[in-house]
Amino acid sequence: MKGVRHYPGFLPLTIVCLVVLYTPLIVVAVYSFNASTSITSWGGFSLRWYGEVFTGREATRFGQAAWNSITIALMAATTATVIATAAALAMVRGGPFRGRQASFALINLPLMVPEIVIAVATLIFFSTIGLKTGYLTILLAHITFCIPFAYLPIAARLEGIEGTYEQAARDLYATRAQAFRLILLPLMVPGIVSGWLLAFIISLDDFIITNFVKGAGMETLPTAIFGSVKQGIKPNIMAISTLMLLVSVLFVTAAYLINRRGRQTP
Amino acid sequence: MSTAVDIRDAVKRYGPVTALHGVSLTIADNEFFTLLGPSGCGKTTLLRLIAGFEEITSGEIRLFGQDIARLEPHQRPVNTVFQQYALFPHMSVIDNVAFGLKMKGVDPATRRARAGRMLEMVHLSQFADRLPAQLSGGQQQRVALARALAPQPRVLLLDEPLSALDLKLRQAMRVELKQLQEETGITFIFVTHDQEEALTMSDRIAVMSAGRVQQIGTAREIYEAPVNRFVADFIGETNLLQVTVEEVSEDRATVVLPGGHRITCPSASSSTGLHHLSIRPERLMISDDADLTATVERVVYLGTDLQVIAHLDGGQPITLRLQNAARVALPEPGQRIGLHLEEGGARLLAD
């Protein structure tokens, strides 16, 4: 069979896609090292904007926003992962039960509903129940939309683990709880870790929902960047963006590697 | 001999589907007992009922007198060797073998020593600290055996454990399994669809089909005295000929073949009329002292054996197997031959 590269027109199409996707990112990353204040002309290499991020006029604002982002991402990812693990166990190992299809749809709904709709709905929900918008509302919203992202790799991993391992454990005098703790859970770890990493990144990067439910005065890194950009794009924004990009790439790579290693030892 | 496993009227239904229709059998202590049948006959279901992975719909399962039908798998003193081994991939070989002992609360030193001895028994001591994925299929198989035997179960259940191995290894493992069973004195219940495996290892065999036990007996009994058409056809090769029963008395019958030949043979049926006669191909000989006459169609050379395909005078096909000895003169296609039937080589079957 011919490889995909032999189809005429595929190569230029691929190149166009890659250019459109990655040129802006490369431009931002490159210009974050620009010595000049201009965002369009190159004035030599410098790390001044990285310095600006940590020590400049907006450093405290960004620092607080980064702290909020990271703590929210940690808590949201952890909580979502626990819920997603329980959900995956019920869905994959629970056998047939009433409403199984409905549960599956419910878990994955946030992936399909437009984010702006979730944002509006979440805001309306919080104001209806009288919850004051702020740190807590961001956290709750993040936990909710992180669940499907944590769920997918965990469920995929669990589906790859044959039921006979637990049966073998139970056959060898392990109780249900022991079979889960000693056999199933360790085998699930790669899926759980990559689910957590994915959820962490999704939470860290979220803008739309956060912007709706954050309330006045509360900022996460993406909303702080957006706020700053509204007054004109400065190179220090590029430096922050590049840093965030770096963190995202590291996390996604880690998730990929862990998952791959997990697959080698099924 | 005491009874290890006693199953009474075991029924298993999955919704509208019935996998087992009231199976009853008794397995003696220290016996190598095989459940043999084609896929879907219920043999694995029966094994899983004994292990406790499936809940019995109705009936009784007794293990050394104790009713275990409603116990959880970890409460039953039986261990299983799984078809795909199911070795824990994240644990070393020795930890796999020691797992059952650990769950039983045996102290670390004792369980390590015992697991080590089990590995010695299956000749894998040097692989104790490897991960299962680093072993070959045959080695994994032996680890699975050691793991299931380590907690010293009263009964060992084996679910087609040899099916994933290649032929040479499978044959070697048959001998090893049988030896292991004799050394340990543990009752083995072995599930397989491979009749050769069943015949070579088992003390007794239960032939199953469509959720029912068709016959229980030694290898010799089920091969030489099959009770019905299914057993005769499933175990070994056989010629099934339609015959008319003239007379039945005292488990012997006189039957007439369509070609007019008349044979008197042992019978598993007690009614007259149309029935099937089973003739084993190796129990026929070309001879002038003929019970049957036939015309040769083809001779197939099989190495140790010769297979002669012929049709009887009544038109029914018949196959015979001859030992490939120097004195045998090969029959030619088209040649008319007389066939002598050894005593006990034919048997009238119940349908």
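Residues numbered from 1 in each chain as written. Chains lettered and ligands numbered in written order. Predicted model: local features only at pLDDT ≥ 70, side-chain atom pairs only at ≥ 80, totals over all residues. Heavy atoms only, no water.

**Student:** Looking at this model, I keep getting lost on the overall build of chain B. Mind explaining?
**Tutor:** The helix and strand tally for chain B stands at eight helices and 20 strands. Dimensions of chain B along its principal axes, counting C-alpha atoms only, are 75 × 45 × 40 Å. Put simply, chain B has 351 residues, and 52% of those count as buried. Here the contacts in chain B between residues at least 6 apart in sequence split such that 65% fall between residues at least 24 apart. (Helix = DSSP H or I, 4+ residues; strand = E, 2+ residues; numbered from the N terminus. Buried < 20%, exposed > 50% of the residue type's maximum accessible area, 1.4 Å probe, protein only. Contact = heavy atoms within 4.5 Å.)

**Student:** Would you explain the overall build of chain A in this entry?
**Tutor:** Across its full length, chain A holds eleven helices and zero strands. For chain A, the succession of helices and strands along the chain, N to C, is α-α-α-α-α-α-α-α-α-α-α. Along the first, second and third principal axes, the C-alpha set of chain A runs to 70 × 60 × 30 Å. Burial statistics for chain A: of 266 residues in total, 41% are counted as buried.

**Student:** What am I meant to see in the layout of surface pockets here?
**Tutor:** In this approach, a probe sized like a water molecule rolls over the atoms, and the result shows the empty space that is left. Estimated volume of the largest pocket: approximately 560 Å³. Around the largest pocket, the lining comprises 20 residues; the ones closest to its centre are Gln167, Arg170 and Arg176 of chain A together with Glu72 and Pro73 of chain B. The set of elements that each furnish at least two residues to the lining of the largest pocket consists of α3 (59–93), α7 (163–171) and α8 (176–205) of chain A. Its residues assigned to classes, the lining of the largest pocket shows eight nonpolar, three polar and nine charged. (1 Å grid on protein atoms, 1.4 Å probe; cavity = no way out; pocket = protein on both sides within 12 Å on 5 of 7 lines; lining within 4 Å. Points joined across faces, edges and corners; volume = space filled by probe spheres on them. Nonpolar A, V, L, I, M, F, W, Y, C, P; charged D, E, K, R; others polar.)

**Student:** It is not clear to me how the sheet that holds strand β13 (residues 262–266) of chain B should be interpreted in this structure. Could you clarify?
**Tutor:** Note: strands within a sheet are paired through backbone hydrogen bonds, in either parallel or antiparallel orientation. Residues and elements named next belong to chain B. The five strands are arranged β13-β12-β11-β14-β20 in an open sheet whose pairing can be described as antiparallel. Every other strand in the sheet has two partners, leaving β13 and β20 (346–349) as the edge strands with one partner each. Here the strands of the sheet are splayed against their neighbours by 45° on average, with no regard to which way each runs. Direction of pairing for strand β11 (residues 239–249) relative to strand β14 (residues 273–279): antiparallel, over a ladder of seven bridges. Among the inter-strand pairings, Leu240 is bridged to a residue of β14, identified as Ser278. (Pairing = 2+ DSSP bridges. Axes fitted to C-alpha atoms, helices over the stretch in contact; angles between N-to-C directions.)

**Student:** Could you clarify how one ought to interpret the domain arrangement of chain B in this entry?
**Tutor:** For interface size, the figure often reported is the accessible area lost on association. By the assigned domains, chain B splits into domain 1 (3–224) and domain 2 (237–348). The straight-line distance from the C-alpha centre of domain 1 of chain B to that of domain 2 of chain B is 39 Å. (Domains from an automatic or database assignment.)

**Student:** So what exactly am I meant to see when it comes to the packing of aromatic side chains here?
**Tutor:** Two aromatic rings are characterised by how far apart their centres lie and by the angle between their planes. If you walk through the whole model with that rule in mind, you get 13 aromatic pairs over all chains. Considering the side-chain rings of Trp196 of chain A and Phe200 of chain A, the 5.3 Å spacing of their centres and the 20° angle between planes classify their relative orientation as stacked. Of this pair, Trp196 of chain A and Phe200 of chain A both sit in helix α8, four residues apart, which is roughly one turn of the helix. Note on Phe32 of chain B and Phe190 of chain B: the rings are 5.8 Å apart at their centroids and 45° apart in plane angle, and the pair reads as tilted. Placement of the pair is Phe32 of chain B in strand β3 (residues 32–36) and Phe190 of chain B in strand β8 (residues 187–192), with a sequence separation of 158 residues. (Phe/Tyr/Trp six-rings, centres within 6.5 Å; stacked < 30°, edge-to-face > 60°.)

**Student:** I would appreciate a short explanation of the pattern of salt bridges in the present structure.
**Tutor:** Overall, the coordinates contain 20 salt bridges over all chains when judged by the stated rule. Here Lys214 of chain A makes a salt bridge to Glu219 of chain A, at a shortest N to O gap of 3.8 Å. With a relative accessible area of 11%, Lys214 of chain A lands in the buried category. In this structure, Glu343 of chain B and Arg252 of chain B form a salt bridge, with 3.5 Å as the shortest nitrogen-oxygen distance. Separated by 91 residues along the polypeptide, Glu343 of chain B in the loop between β19 (336–341) and β20 and Arg252 of chain B in strand β12 (residues 252–256) bring together distant segments of the chain. Note on Arg252 of chain B: relative accessible area 32%, which makes it partly exposed. One salt-bridge network, in which partners are shared between bridges, spans Arg170 and Arg176 of chain A together with Glu72 of chain B. (Salt bridge = Lys/Arg side-chain N within 4 Å of Asp/Glu carboxyl O.)

**Student:** Any chance you could explain the interface of chain A and chain B here in plain terms?
**Tutor:** Across the boundary between the two partners, chain A contributes 18 residues, which contact 25 residues of chain B. Of the roughly 2,000 Å² buried between chain A and chain B on both sides combined, carbon and sulfur atoms contribute 66%. Looking at the side of chain A facing chain B, the largest losses of area belong to Asp171, Leu172 and Tyr173 of chain A, adding up to 39% of the total buried there. There are two salt bridges connecting chain A and chain B. Among the salt bridges present, the one from Glu72 of chain B reaches Arg170 of chain A, with a minimum N-O distance of 2.9 Å. Remark: the boundary between chain A and chain B carries seven residue pairs in polar contact (both at pLDDT 80 or more). (Buried area = accessible area lost by both parts, 1.4 Å probe. Polar contact = N/O pair within 3.5 Å; in protein donor to acceptor, adjacent residues only side chain to side chain.)

**Student:** What's the story with a nonpolar patch on the surface in this structure? I'm lost.
**Tutor:** Residues and elements named next belong to chain A. A cluster of nonpolar side chains, Leu18, Leu21, Tyr22, Leu25, Ile26, Val30, Trp42, Phe45, Leu47, Leu245 and Val249, forms an exposed patch at the surface whose accessible area comes to about 1,100 Å². Within the residue set of the nonpolar patch, elements represented by two or more residues are α1 (10–31) and α11 (235–264). Within the secondary structure layout, Tyr22 lies in helix α1. (Patch = residues over 30% accessible without salt bridge, like charges linked within 9 Å, V, L, I, M, F, W, Y side chains within 5 Å. Areas by Shrake-Rupley, 256 points an atom, 1.4 Å probe, with all protein chains shown as cover.)

**Student:** Please clarify how the packing of α3 of chain A against α8 of chain A should be interpreted in this entry.
**Tutor:** Any two packed helices are characterised by how steeply their axes cross, that is the angle between the axes, and by the distance between the axes. Residues and elements named next belong to chain A. At a minimum axis separation of 8 Å, α3 and α8 run at an interaxial angle of 135°. As judged from the angle between their axes, α3 and α8 are oblique. With respect to the hand of their crossing, α3 and α8 are arranged in right-handed fashion. Mapping the contact onto sequence places Ser69, Ile70, Ile72, Ala73, Leu74, Ala76, Ala77, Thr78, Thr81, Thr85, Leu89 and Arg93 in α3 and Phe180, Leu184, Met188, Ile192, Gly195, Trp196, Ala199, Phe200, Ser203 and Leu204 in α8. (Parallel < 35°, antiparallel > 145°, perpendicular 65-115°, else oblique. Left-handed = near helix turned anticlockwise from the far one by under 90°.)

**Student:** Help me understand empty space enclosed by the protein, please; the structure alone is not making it clear to me.
**Tutor:** Residue and element names in this part refer to chain B. Considering all chains together, one arrives at one cavity of 30 Å³ or more under this definition. By volume, the largest cavity amounts to about 80 Å³. Lining the largest cavity we find Tyr223, Glu224, Pro226, Ser278, Arg280, Glu282, Arg283, Gly344, Gly345, Ala346 and Arg347. Residues that form the lining of the largest cavity fall into these classes: three nonpolar, three polar and five charged.

**Student:** Sorry if this is basic, but what is going on with the sheet that holds strand β10 (residues 212–217) of chain B here?
**Tutor:** All names here are of chain B. Ordered in space as β6-β7-β8-β3-β9-β10, the six strands form an open sheet in which the pairing is mixed. Two strands lie at the open edges of the sheet, namely β6 (78–81) and β10, each paired on one side alone. Across the sheet, the mean angle from the axis of one strand to that of its neighbour is 20°, orientation sign disregarded. On the sheet, helix α4 (residues 137–149) packs against β6, β7 (155–159) and β8 and is oriented at approximately 175° with respect to β6.

**Student:** I'm lost on the packing of helix α6 (residues 135–160) of chain A against α8 of chain A in this one. Help?
**Tutor:** Residue and element names in this part refer to chain A. Two elements in contact, α6 and α8, have axes whose closest approach is 8 Å; the angle formed by their N-to-C orientations is 145°. Judged by the sense of rotation from one axis to the other, the crossing of α6 with α8 is right-handed. Of the residues in α8, those in contact with His142, Phe145, Cys146, Phe149, Ala150, Pro153, Ile154, Arg157 and Leu158 of α6 are Leu184, Leu187, Met188, Pro190, Gly191, Ile192, Ser194, Gly195, Leu198, Ala199, Ile202 and Ser203. Here the residues of the contact of α6 with α8 are counted per class, giving 15 nonpolar, five polar and one charged.

**Student:** What am I meant to see in the pairing of β8 of chain B here?
**Tutor:** Along any regular strand the residues' side chains alternate between the sheet's two faces. Residues and elements named next belong to chain B. Of all six residues in β8, six are buried, a share of seventy percent or more. Of the two faces of β8, the one carrying Thr187, Ile189 and Val191 and the one carrying Phe188, Phe190 and Thr192 are both buried. Examined bridge by bridge, β3 and β8 share five bridges and lie parallel to one another. If you follow Leu36 over to β8, its bridge partner there is Thr192. Across five bridges, β7 lies against β8 in parallel orientation. Across the sheet, Leu158 pairs through a bridge with Phe190, a residue of β8.

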